[in-house]
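A closer look at the structure
Residue-level listing of the chains:
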Amino acid sequence: TSQTIRVELGTRSYDILIGEGLLAQAGERIAAVLPGARVALVTDENVARIHLETVSASLERAGIGVTTVVVPAGEASKKFDRLQEVVETVVGARLERGDAVVALGGGVIGDLAGFAAAIVRRGMRFVQIPTTLLAQVDSSVGGKTGINSRHGKNLVGAFYQPQLVLAATDALDTLPRREFAAGYAEVAKYGLIGDAAFFAWLEANWQDVFSGGPARTEAIARSCQAKADTVAADERETGERALLNLGHTFGHALEAACGYDADRLVHGEGVAIGTALAHRFSVELGLCPAEDAERVERHLQAVGLPTRISDIPGGPLSADELMTHIGQDKKVKRGRLTFILTHGIGRSFIADDVSPERVRDFLQREL
Ligand code: NAD
Ligand code: ZN
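Keep in mind it's a predicted model, so treat the numbers as computed, not measured.

1. Some points on the UniProt feature "binding site: NAD(+)" (unreviewed entry) in the protein chain
UniProt annotation of "binding site: NAD(+)" (unreviewed entry) refers to Gly107, Val108, Ile109, Gly110, Asp111, Thr131, Thr132, Lys144 and Lys153 when read in the numbering used here. Examined against the element boundaries, Thr131 turns out to sit in the loop between β6 (125-130) and α5 (133-139). Overall, the presence of 30 C-beta atoms within 10 Å leaves Thr131 in the buried class. Contact partners of Thr131, with chain neighbours within four places excluded, come to Val47, His51, Leu104, Gly105, Gly106 and Ala171. Checked against the element boundaries, Thr132 lands in the loop between β6 and α5. Overall, the presence of 26 C-beta atoms within 10 Å leaves Thr132 in the buried class. Among residues more than four places away in sequence, those in contact with Thr132 are Gly106, Gly107, Leu175, Glu179 and Gly183.

Encoded structure:
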């Protein structure tokens, strides 16, 4: 059970391979796409402990020279110091433009290594080996790379596409359940945006997705296809790509209000609560049937995701604080907010004229 998604982007295209055993095939797969290339392998300490040996051995068997950089696990590695370390290692190993930076890890590693690939020698080859569900269905597709600034998340970066993505579904067996569920919030999102049949399929098959059965490969492939289609239509996010932000305006505000403390809330959990909020807000505005919002909440709860602001541990959040973060989420036009709202499951749309007062009142009731 393996699948290939071809991402077509104007002048270039690349494959996302999804299936079991791909870590041990990394060498041959990379050699097939980038013959003769040497590799700088970037990973984090957790992933290095569990999966680095498999990937390194495979690269060696394929005769690929490897330089490895291991950075600490976690969001804090998306910073200038780490970027410098990765860049200097790649340059110091005398890798050239035709050689590849390979990201082995979650979204943090993909964003950091991808940005390094974009700027060393004005652009080296780049390969993603995402090892979290979030990275496999979201961050490794679409070409956004970058690091955080002291002024905020993801403020420094580049659009930079890989030559190949290897999504090893069995690499997710070692992911903590909480991280798996967080990535699953993005999977459910694709159904909720524009594919009600996929959402219904997830309701019936989520247990198999979590336990690593054939439905896992299917869910990842359908998610990658949904993101790839959206990105192909709008590579630089001028229009429809914004739909991918379903649940994210509320979600980002919740993450910020929690000080990006992963003990309280990780990104996908913020998205889960944000998605439930977007549906309930749409019901309140008379746009969405109440039973659809209830169905969404039931499913997210079933997989163990939070759906209420009060589900967040560590004390209450204030509506005013959340509104401040929503206003900073660069989605404000002439005092009105842009939100992804919905007419029902699979029927999300971009609303660019939402009154901040309505949002505030809604949040006040939700606290
Ligand atoms: P992450 O990279 O921090 O990984 C989460 C945790 O899981 C880490 O502790 C990591 O060491 C560990 N881990 C990774 N793979 C593992 C495995 N197979 N087994 C055991 N542990 C493993 O976080 P993430 O959720 O993957 O990504 C979040 C990042 O992605 C954020 O920085 C976010 O901004 C970024 N992101 C980028 C895009 C994009 O389009 N570029 C989209 C969404 C999110
Ligand atoms: Zn997200």
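2. Structural notes on the packing of helix α7 (residues 196-211) against helix α8 (residues 214-233)
What describes two packed helices is the angle between their axes and the distance between those same axes. Taken N-terminus to C-terminus, the directions of α7 and α8 make an angle of 140°; their axes are 8 Å apart at the nearest point. Classified by the angle between their axes, α7 and α8 sit oblique to one another. At the point where α7 passes α8, the crossing takes the left-handed sense. Facing Phe198, Leu202, Asn205, Asp208 and Val209 of α7, the residues of α8 in contact are Pro214, Ala215, Arg216, Ala219 and Arg222.

3. Quick notes on the site of ligand 1
Around ligand 1 there are 29 residues in total, and Asn46, Gly106, Gly107, Thr132 and Ser139 lie nearest to it. Going through the elements one at a time, α2 (45-61), α4 (107-119) and α5 are the ones with two or more residues in the shell around ligand 1. Grouping the constituent residues of the shell around ligand 1 by class yields 10 nonpolar, 12 polar and 7 charged.

What counts and how
Residues numbered from 1 in each chain as written. Chains lettered and ligands numbered in written order. Predicted model: local features only at pLDDT ≥ 70, side-chain atom pairs only at ≥ 80, totals over all residues. UniProt positions renumbered as here; feature names shortened; annotations may be inferred. Helix = DSSP H or I, 4+ residues; strand = E, 2+ residues; numbered from the N terminus. Buried ≥ 20, exposed ≤ 12 C-beta atoms within 10 Å, placed from the backbone. Contact = placed C-beta atoms within 7 Å. Axes fitted to C-alpha atoms, helices over the stretch in contact; angles between N-to-C directions. Parallel < 35°, antiparallel > 145°, perpendicular 65-115°, else oblique. Left-handed = near helix turned anticlockwise from the far one by under 90°. Near = placed C-beta within 6 Å. Nonpolar A, V, L, I, M, F, W, Y, C, P; charged D, E, K, R; others polar.

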